[in-house]
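Remarks on the overall topology
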Amino acid sequence: MPRYIVAVVAALLMVGFALLGNANPAMGASTGSAPVGHRPSLPAGSVRVGTLPGATVIHADVVLAQRDPQGLQQFATAVSTPGSPLYRQYLGAGQVAAMFGPTTATVDAVRSALQGRGISVGAVDANRLLVPVSGTSAQLGAAFHTSFATYRLTDGRTAYANVSAPQVPASVASLVTGVVGLDDLKIAHPAIGRKVGPKTPSRSHSVTATATPAVASAAGPAPCTAVKNAQLDYGAGWLTNQLASSYQLTSLYNQGDLGAGQTVAVLELEPFTASDISSYQACYRTSASVSTVKISGGATGSQSGEAALDIENVAGFAPRSKIRVYSAPNTTAALLSAYSKVVSEDVAQTLSTSWLLCEQDNDSSSMAAENTTFQQAAAQGQSVFAASGDYGSTGCYQDSTSETQLAVDDPASQPYVTGVGGTTLNTLGPPPGETAWNESTSPFQCGFVGGKCGSGGGGISTVWPMPSYQSASGVPGVINSYSSRTPCGAASGYCREVPDISADGDVMTGYFIYNSVNGGWILYGGTSAAAPLWAAMTAVINALPQCTTRLGFANPTLYKVAARANLGGFHDIKSGTNAYLPQAAGHYPATTGYDLATGIGTPSATSLVAATCPGAQALHPVTPARILDTRTGIGGRTGAVPSKGTISVPVRGVAAIPATATSVVVNLTVTAPTGTGFLTAYPSLQTRPTASNLNFTPGTIRSDLAVVPIGSNGRISIYNGSDGSVQLVADVSAYNSTAAGSKLTPTAPVRVLDTRNGTGPTMGPVAAGTTITVQVTGQHGVPAGATAVVLNLTAVTPQRPGWLAAWPAGASEPTVSNVNFTAGQIVPNLAIVPIGTNGQISIHNGSAGSLQIVADQFGYYTSTGASLLTGTTPTRLLDTRSGLGVGTKGAVAAGHVLRVKVAGVSGIPAGIKAIVLNVTETSPTKDGFITAYPDGITRPTVSNLNYTPALTAPNLVIVPVSASGYVDLYNGSVGTVQLIADCFGFYR
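Throughout what follows, the structure given in this document is the object of discussion. What you see is a predicted model; the values in this text were computed from it and never measured. (Residues numbered from 1 in each chain as written. Predicted model: local features only at pLDDT ≥ 70, side-chain atom pairs only at ≥ 80, totals over all residues. Heavy atoms only, no water.)

**Overview of the packing of aromatic side chains**
- Applying the stated criterion across every chain, the model contains 21 aromatic pairs.
- Centroid distance F75 to F100: 5.9 Å. Interplanar angle 45°. Geometry classified as tilted. Of this pair, F75 sits in helix 2 (residues 69–80) while F100 sits in helix 3 (residues 95–100); the two residues are 25 residues apart in sequence, bridging distant segments of the chain. An identical accessibility class is assigned to F75 and F100; each is buried.
- Taking 5.6 Å as the distance between ring centres and 70° as the angle between the ring planes, the aromatic pair formed by Y469 and F553 counts as edge-to-face. With Y469 in helix 13 (residues 468–471) and F553 in the loop between helix 14 (527–543) and helix 15 (555–563), this pair connects stretches of sequence that are 84 residues apart. Of the two residues, Y469 and F553, both sit in the buried class.
- Each member of the aromatic cluster is reached from another via a ring pair, and the members are Y416, Y469, F553, Y559 and Y594.
- The ring of Y966 carries R899 above its face, with NZ or CZ at 3.6 Å from the centroid. (Phe/Tyr/Trp six-rings, centres within 6.5 Å; stacked < 30°, edge-to-face > 60°. Helix = DSSP H or I, 4+ residues; strand = E, 2+ residues; numbered from the N terminus. Buried < 20%, exposed > 50% of the residue type's maximum accessible area, 1.4 Å probe, protein only. Lys NZ or Arg CZ within 6 Å of the ring centre and 35° of its normal.)

**Some remarks on the sheet that holds strand 16 (residues 355–358)**
- An order of 10-16-18 is seen for the three strands of this open sheet, with the pairing classed as antiparallel. The open sheet is flanked by strand 10 (189–190) and strand 18 (409–410), the only strands paired with a single partner.
- Relative to strand 18, strand 16 runs antiparallel, the two being bridged by two bridges. What sits directly across from C358, in strand 18, is D409. (Pairing = 2+ DSSP bridges.)

**Notes on the pairing of strand 13 (residues 289–294)**
- Sheet topology places strand 13 next to strand 14 (residues 322–327); six bridges connect them, and they run parallel. Its bridge partner lying in strand 14, V293 is registered against Y326.
- For the segment spanning strand 13, helix 10 (residues 306–317) and strand 14, crossover handedness is left-handed. (Right-handed = clockwise from strand over helix to strand, strands pointing away.)

**Quick look at the sheet that holds strand 6 (residues 148–152)**
- Across the sheet, three strands lie side by side as 2-6-7; this open sheet has antiparallel pairing. At either end of the open sheet lies a strand with only one pairing partner, and these are strand 2 (47–51) and strand 7 (158–162). This sheet shows a mean twist of 40° between the axes of neighbouring strands, independent of strand direction.
- By the bridge criterion, four bridges tie strand 2 to strand 6 in an arrangement that is antiparallel. Along strand 6, the bridge assignment pairs T51 with A149. (Axes fitted to C-alpha atoms, helices over the stretch in contact; angles between N-to-C directions.)

**Things to note about the packing of helix 14 against helix 16 (residues 605–612)**
- Interaxial distance between helix 14 and helix 16 falls to 11 Å at its minimum, and their mutual angle equals 55°. Judged on the interaxial angle alone, helix 16 and helix 14 are oblique. Viewed along their axes, helix 14 and helix 16 form a crossing whose handedness is right-handed. Facing helix 14, whose interface residues are W534, M537 and I541, helix 16 presents A605, L608, V609 and T612.
- Residue classes in the contact of helix 14 with helix 16 are distributed as six nonpolar, one polar and no charged. (Parallel < 35°, antiparallel > 145°, perpendicular 65-115°, else oblique. Left-handed = near helix turned anticlockwise from the far one by under 90°. Contact = heavy atoms within 4.5 Å. Nonpolar A, V, L, I, M, F, W, Y, C, P; charged D, E, K, R; others polar.)

**Describing the state of the cysteines**
- Scanning all chains against the criterion turns up three disulfides.
- A sulfur-sulfur separation of 2.0 Å characterises the disulfide bridge that pairs C358 with C396. On the sign convention where negative is left-handed, the bridge of C358 and C396, at about 90° about the S-S bond, is right-handed. Of the two residues, C358 is situated in strand 16 and C396 in the loop between strand 17 (383–387) and strand 18; the sequence distance between them amounts to 38 residues.
- The exposure class assigned to C358 is buried, which follows from its relative accessible area of 0%. (Disulfide = S-S within 2.5 Å.)

**Structural notes on helix 11 (residues 332–345)**
- For helix 11, which comprises 14 residues, the first-to-last C-alpha distance of 20 Å matches the rise-based estimate of 20 Å (1.5 Å per residue) to within 8%.
- For helix 11, the buried fraction is high: ten of the 14 residues fall into the buried class.
- The set of residues buried in helix 11 consists of A333, A334, L335, L336, A338, Y339, S340, V342, V343 and S344.
- Directly beyond the C-terminal end of helix 11, a positive phi value near 50° is found at D346. (Expected span 1.5 Å × (residues − 1).)

**Considerations on the pattern of salt bridges**
- One pass over the structure, following the stated rule, counts 13 salt bridges.
- Where R899 meets D935, a salt bridge forms, and the shortest distance between an N and an O atom there is 2.9 Å. With a gap of 36 residues between them, R899 in strand 45 (residues 897–901) and D935 in the loop between strand 47 (928–934) and strand 48 (945–947) connect regions that are remote in the sequence.
- Overlapping salt bridges, with partners in common, bring together R626, D629, R631 and D731 in one network. (Salt bridge = Lys/Arg side-chain N within 4 Å of Asp/Glu carboxyl O.)

**Some words on the environment of L336**
- Inspection of the secondary structure puts L336 in helix 11.
- Considered as a pair, L336 and L130 are 206 residues apart in the sequence and their alpha carbons are 8.5 Å apart.
- If near-sequence neighbours (up to four positions away) are discounted, L336 is found in contact with L130, V180, S366, A369 and E370.

Rendered as structure tokens:
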């Protein structure tokens, strides 16, 4: 765990996470016993038929109390919540247990006490949550002061259960939360259905004619003739490539992203046939690797097709991923151990599970242990997707047809799990035409209880209160007429609502899976098809180079995306219902926004990339062009912008900026201001941030470079925060997007041009109207093939008012400016300049007098560079007026170096290569300059910002960051100055 994360976690724990007792509870010498947990509830209609033979072997788990459960919960929430200082600062394998789990002394005390009762006690699992115990029923009965009876259930199965709550030695009772696995009354069910296929297929369904390729198709899954024939014979269902296109995964495949480097875990409680997976992959030309981890000997019994469905769906939608199958017997203890193994190994970034029990039929100790495990997964950045069930709003109906009450299924209802519901995919799109899945009146046979064809699970939890990612999300419909605190007994607020998201689950619009046990190509459906689709899609998104951190526990991010409908991450399902049984009539309809039938909707993968990796962008230089000039009407606005006025400027589709652009590199210039104030540029249709890009006073001309996210309408907004009117000019030189492009390689700041002393091609003042050419590639580490260079351009002591313009050599001079000045000033401005012919750029003096020109290099862009831009909400990291960022308020002294922490703070991750800061000086007492550079190197002879007394001036800087996460700001003056720094993004 990086040192800075430890420090932040420690600070948060001290101020807000309130450790619940780091010391071990007192362990007295008592030899008595104390109950933990409770006797299991019996399914309705159960009849006791006898006593379990004493020689029956039982495997169970003793669940340990966590040392700091509140700390774990709050850390898991913090690393998953956008805007949190710990967002996506995940812990590594073993670190969660070390920070929050029971101590070694606690584990040893519990194991010793249990061993003293004559049963076999295994080693604690790696998460320090489960201690496995085993023995005969007679031994376990004696050890836990209970006995075991047998019961005949309504489905004809004979089960056993402990007849009283288990008891453990009183000396360790406070260290144990429960014992699970002492009964087999309830077993998990798969959320799966299949359509009975054509009795006599009219076409060949054999895949033997298709050779297995060495690698997956670069365009994603490509179906063979056999599965196409199966689709024709069924007259229903969709092929994997069609579903991928519908949910916009195909656009990611076309970028070369097939999920390589990502591992998806699938949890299975039934066996599968390896040759079935091979046949599927041969047909679709996918090449996902498949490995198996066996828990307690692995799954046994017959095949429903669930395991084949899960594995093949992941292979189909993430064709080059690694699939790790965690195979376990269908028992409570083995299921918990399997979940724990996924988390403790921390090999898989994503988990899909389609095995479920309704909450009312599950064991509270088991669900509590699951909750701890899923919190551990969230702390490590593992995404968990769980099928929400196939019996609509009556989730217990699968367990017993006598259970017709409103209910939801575990683990989809768990607060740290993403519950996946089901839809009917009527038309492919995109956008797809979908309704809430409900085939309760279907004439077809689909293998569900009662012969009906199922409905997407959803409703209100009877166990968990509503998490803040739902209650505070702002998503329309989350708080609805059905919302209640009663089912879960919440003291305030409401109960957890399920599902969170959805995808196609209808059998009749379902998925073709190869399962030889059931006859080859079979049309399957269920929310157990939707969950692995989401897991595979997450793997593909995680694998994108611009997604520099994995999604992790998805819900806080997904609900944030859904709250901003303009981001387009979801297709909102607005029709249908999941009322599967007549007793549930009206529960629940699909509506605008969130609903209890389909959650926040089905995915639009391309939009989700932009929303969940919002700033991970590559640079695309363009020929510099003017997109706004209120003096002449360029950009659609003629005339000065009034005080407190906002204008909207078209960007996409203008000056070679494509529809895929996510942000624009724009030089903002204010001219003829009649008042004092500032400009703020931000994405249109979004809330204006409190940060500023440019400060000015009456009668001045000021410029500043900005990297501005583009709104969903293709525009940016510019706000005049002054007490007078202003004319505005905006010139673009590049845009950023998630498509492949140029990446930044930061360099130590170096002066590449100074006409005052002959650095560069020219010695002496540059005459009026003169253009000079500067060699960029082959100099100061910039390689051939570089596409753009980061320069701080400074106009020094010009004789007349004017401007500097920089552009790629060999191109026509554009009507743009990078630096604007009046006579006698020293004016800097950052520029990202495209590189032209022979690796050169041109710089033009657009004034009627001569001037000196200085250019300092801070980095360059190439297609093979090191770092992509991650844009951020403007975040203030430094303000010496208040002490923010430095601890002590006060002006920066003459000649002083201010060391500023910029990585590992305010949600900015450690390990970044460079940071985008808008640095503003104010209240200077003498002339001077500011130099920004990475901490730990000799101060370079460059400048970023020049100033005179009483002037307030900003300048954007892209400055390399030291390995320790610091940048230095040097006050090159004989007087003092106040400094402010706002972060607009970072490179890593």
